[in-house]
Structures are given as C-alpha cells and as structure tokens.
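# Close look at the chain arrangement
Listed below are the residues making up each chain.
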Amino acid sequence: MTRWVSTAMALALASLLPSANPTLAATTLQMGHPTASNSHYGVASATLAEELARRSNGKFKLVITPNGAEREMVESAQIGTLDLLVTSTGPVGNFVPEVAIVDIPFLFKDYTHARAVLDGPVGQDMLKLFPDKGLVALAWGENGFRHITNSKHAINTPADAKGLKVRTMENQVHMTAFRQLGVLPTPMAFTEVFTALQQGTVDGQENPIPVITASKFAQVQKYLTLTGHVYSPALILMSKSTFDGLTPEEQQMFRDSAMVAAKAMREKVAAVEATGVAELRAAGMEVITDVDRSKFQEALQPAYAEYAKKFGKENIERIRDYA
Ligand code: PAF
C-alpha cells in the first residue's frame, strides 16, 4: 500500500471519528522542502506545521523532510506520494507554463514590488491554474533576489561572466538569459550543487543570500556579485488528492495556515538579507556590491524579445509596471 493510500484512508477515517478526540483522529502528512532546516524554507514548513497543529487541535501533524529535489517533490505531490511542499518557481514552469513569466530577469524592482504583484490579481490568478495539474497552490512564499557566486574571478560587468560554467535551475527562462550573457548554464538538482562547486564541475551558481548562507557556499566559492538578476518566488503547494480529502473547513484551515507560513518565510528572508552579506564576507567571500544592473539588462535585450514572444509583451508590462 502506498503512503498516499494510507493518508487518504486516514483522512476518510478521521472524518468518521469524533473531533473531540484529536489523538484518535490524528492525520500525519508528509511535507518536503529543498534546503536545510534552518533556512527560510525550513521556517515556512515549521510554521505551517505549528499553525495546522494549533488550529486543528492536533489533528494534523506534518512530518517535514528537508533537502529535497524540487522537481521531484512537485511530481510526487502531483501523484499524491507527497502531501505538501515548499518550492521555488524554478521547476514550476515545467508543470504550469504560465507561471514561468515571474522568472524573467529584472522583472521586479524590489521586494515590495514583487510581493505586491504576487499578492495582487496577477499572482492570485496564477494560483488558480494549479488544480488542473493535480496541485493546489496554497500561498506565495519567497526565496529572494538571486546573485551570482563563482570560484574564478570577480564579476563586475556582464563581460566578466562570459565563459563561466554556472549551475542554474532547470528553468528555461533563466537558461535563456545566461546563454545570452555568454555563460554556460549547467542545470542540475540543487542537492548536487555543493559537491559540484567543491569538485569544480561548475565554476559558480546563482541563488539568494538566504540560500548562499544556509548552504555554506562560502566554503566553496570566493566571489559573490550582488547582481539581483532575478526575483525567485516560492510556492507552498499541496497535492490535490490530499486537499480533496479534506472538509471545506479544513481546506480553509490549510489555506490560512499557509498564509501565516508564507509571511514567516518572507520575514526570514528579510532578516537574512539584513545580515547575510556581512556573514559571507566574514566567512572569506569577496563581495562585489557596486553592480551596474542596467548593463546586464542591456546585454539581455535579445532574451527579452524571446520572453515577449513567449509570454506576451502586455503581460510582462502588466507585472513590470504594477504599482
Ligand atoms: O537554486 C535552486 O535550486 C533553488 O533556489 C533552491 C536553492 C532549491 C531553493 O528554492
């Protein structure tokens, strides 16, 4: 019997049992996230677990597994072998293509802009696309603005990035941009990145400060350039088959709890953004802060023409100009 069948049976049984006895009715759900337990993903997952336990009087218990591969976790949720996960949008465009628009470089000005778009009509409409793909998107969380690290030399201008072999996510929008910059994008699961950097299989990687600190990349990367080249949103997703086994009240409880978890995730990102660069410098990284982002945007012009063809110029402008 698969674990999902046992979850479905537990949910069915739980609905027959008196709610006054939370021990008997307890339902254990499996949750995954892609980074270390002390990261922003760990915070989101732990907050969700606490909120659900509190609001359900202990009926829902989450077993949280860190360091999962994002694409595989999404697939597992689709087929019902994983109940819940937090993931960046990195692999999500492979499942819900419309969402990949948010991965366009330099689309969002800052955190305030990004959060407003995702919490506004554009972001909320995207969440409605997931059930057709076997998933329920409970809330937008946050990974953060991505920056480039490498072991070869300081990157001050787009030309400095040329020829570097940089690990990227399995994300076509990102890979198009890196190719345009003359970088050799090398997609691989995040679980393999530390070893690949250590062994020199790739020269660099790109991720937000909270990931770079939580993953201890200062041990294997010398240079960090604060390119902020793309905002990386996160999503709290649930298997639709698990969600459909809940009562309407429970479904609302999951949505409300996910909103609290997403808020905690954003707060953790903000907290690490405030201290992370100093921490990485102290750990020996050379940090390039004075980056002319307009030069990177100029270099990416042909990629923007491709994005306009793919997503529609007006849809991109609607996000870019959202106030
Ligand atoms: O680089 C990635 O794959 C993602 O940013 C990560 C670290 C898994 C967090 O979503």
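For the structure given in this document, a descriptive report is provided here. As a convention, each chain's residues are numbered from 1 in the sequence order in which they are written. A pLDDT threshold of at least 70 governs which residues receive local features in this predicted model, and a stricter bar of 80 or more applies before side-chain atom pairs are shown or counted, although totals over entire chains, interfaces and linings include all residues. Based on all heavy atoms of the structure, the side-chain values leave hydrogens and waters out of the count.

## Considerations on the site of the ligand
Close to the ligand lie Pro34, Thr35, Tyr41, Glu70, Ser88, Asn143, Arg146, Arg167, Met169, Phe190, Asn207 and Val211. Contacts to the ligand include Arg167, whose side-chain N or O atom sits 2.6 Å from an oxygen atom. At 2.6 Å from an oxygen atom of the ligand is found a side-chain nitrogen or oxygen belonging to Asn207. Accessible surface is estimated by sampling points in the Shrake-Rupley manner with a 1.4 Å probe; for residues, cover comes only from the protein chains shown. Summarising the interface, the protein chains cover 98% of the accessible area of the ligand, which totals 290 Å² for the free molecule. Near is defined per residue: the residue qualifies when any heavy atom it owns lies within 4 Å of the molecule or strand. Any N or O atom pair separated by 3.5 Å or less is treated as a polar contact, with the protein-specific requirement of one donor-capable and one acceptor-capable atom, and with residues adjacent in sequence counted only for side-chain atom pairs.

## A word on the pattern of salt bridges
What counts as a salt bridge is simple: a side-chain nitrogen of Lys or Arg found within 4 Å of a carboxyl oxygen of Asp or Glu. A complete count under the given rule lists 15 salt bridges for this structure. A salt bridge links Glu51 to Arg54; the shortest N-O distance between them is 2.9 Å. Here Glu51 and its partner Arg54 are both found in helix α2 (residues 40-55), three residues apart, which amounts to about one turn of the helix. Only protein chains enter the accessibility calculation, which uses a 1.4 Å probe; a residue is then buried when its area is under 20% of its type maximum, exposed when over 50%, and partly exposed in between. For Glu51, a relative accessible area of 12% puts it in the buried group. Linking Glu170 and Arg71 is a salt bridge whose minimum nitrogen-to-oxygen distance equals 3.0 Å. Numbered from the N terminus, helices here are DSSP runs of H or I no shorter than four residues, and strands are runs of E no shorter than two.

## Description of helix α11 (residues 248-282)
An expected span of 1.5 Å times one less than the residue number is assigned to each helix. Counted at 1.5 Å a residue, the expected span for α11 with its 35 residues is 51 Å, and the 50 Å between its end C-alpha atoms agrees. Two axes are fitted around each residue, one to the seven residues ending there and one to the seven starting there, and the angle between them is reported as the bend at that residue. A maximum bend of about 45 degrees is found in α11 at Thr275. Looking one or two places after α11, you find Gly284, whose phi comes out positive at around 105 degrees.

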